[in-house]
Amino acid sequence: LAEFDDRIRTWTGNLVKTLSISYGYASAKDYPGASVRELAAEADKRMDENKTAYYIQNGIERRKR
């Protein structure tokens, strides 16, 4: 995952200069006995945590009222 993060962090494009991706993952190895639904819920939770950390680090107000 570190290599993936580095590639995203250093990516530059012609039309869009930067790129950010929020992702989460969960594996049956880390959660033995978990159902596919439970693994998907854990991955979704981790994605949301990743996204929240990005917004905090970049000083972006995520949920404007």
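For the structure itself, consult the block above.
This is a predicted model, so every value here is computed, not measured.

The rules behind each value
- Residues numbered from 1 in each chain as written.
- Predicted model: local features only at pLDDT ≥ 70, side-chain atom pairs only at ≥ 80, totals over all residues.
- Heavy atoms only, no water.
- Helix = DSSP H or I, 4+ residues; strand = E, 2+ residues; numbered from the N terminus.
- Rg over C-alpha atoms; globule rule 2.2 N^0.38 Å.
- Buried < 20%, exposed > 50% of the residue type's maximum accessible area, 1.4 Å probe, protein only.
- Contact = heavy atoms within 4.5 Å.
- Areas by Shrake-Rupley, 256 points an atom, 1.4 Å probe, with all protein chains shown as cover.
- Lys, Arg positive; Asp, Glu negative; His and termini not counted.
- Charge placed at Lys NZ, Arg CZ, Asp CG, Glu CD.
- Phe/Tyr/Trp six-rings, centres within 6.5 Å; stacked < 30°, edge-to-face > 60°.
- Lys NZ or Arg CZ within 6 Å of the ring centre and 35° of its normal.

**Section: the overall build of the protein chain**
Inference 1: When its secondary structure is counted, the protein chain shows 2 helices and 0 strands.
Inference 2: For 65 residues, the compact-globule formula gives about 11 Å, and the C-alpha radius of gyration of the protein chain, at 15 Å, lies well above that figure.
Inference 3: With respect to the three principal axes, the spread of C-alpha positions in the protein chain is 45 × 35 × 20 Å.
Inference 4: Every one of the 65 residues in the protein chain was classed for burial, and the buried ones make up 11%.
Inference 5: Counted over contacts in the protein chain with a minimum sequence separation of 6, partners at least 24 positions apart contribute 21%.
Inference 6: Of the roughly 5800 Å² of accessible surface on the protein chain, a fraction of 52% belongs to carbon and sulfur atoms.
Inference 7: With 12 positive and 10 negative side-chain charges, the protein chain shows a separation of 6 Å between the mean positions of the two kinds.

**Examining the packing of aromatic side chains**
Where two aromatic rings form a pair, the distance of their centres and the angle of their planes describe that pair.
Inference 1: On inspection of all chains with the given rule, the structure shows 2 aromatic pairs.
Inference 2: On the numbers, 5.4 Å between centres and 85° between planes, the contact of phenylalanine 4 with tyrosine 23 is edge-to-face. Placement of phenylalanine 4 in helix H1 (residues 2–10) and of tyrosine 23 in the loop between H1 and helix H2 (36–57) is noted, with a sequence separation of 19 residues between them.
Inference 3: A centroid spacing of 5.6 Å and a plane angle of 70° characterise the contact between tyrosine 54 and tyrosine 55, whose relative ring orientation is edge-to-face.
Inference 4: Here tyrosine 54 falls in the partly exposed class, since its relative accessible area comes to 32%.
Inference 5: Owing to a relative accessible area of 24%, tyrosine 55 belongs among the partly exposed residues under this scheme.
Inference 6: Its end group placed over the ring of tyrosine 25, arginine 46 keeps NZ or CZ at 5.2 Å from the ring centre.

Geometric descriptors of this kind do not, in isolation, establish any biological role.
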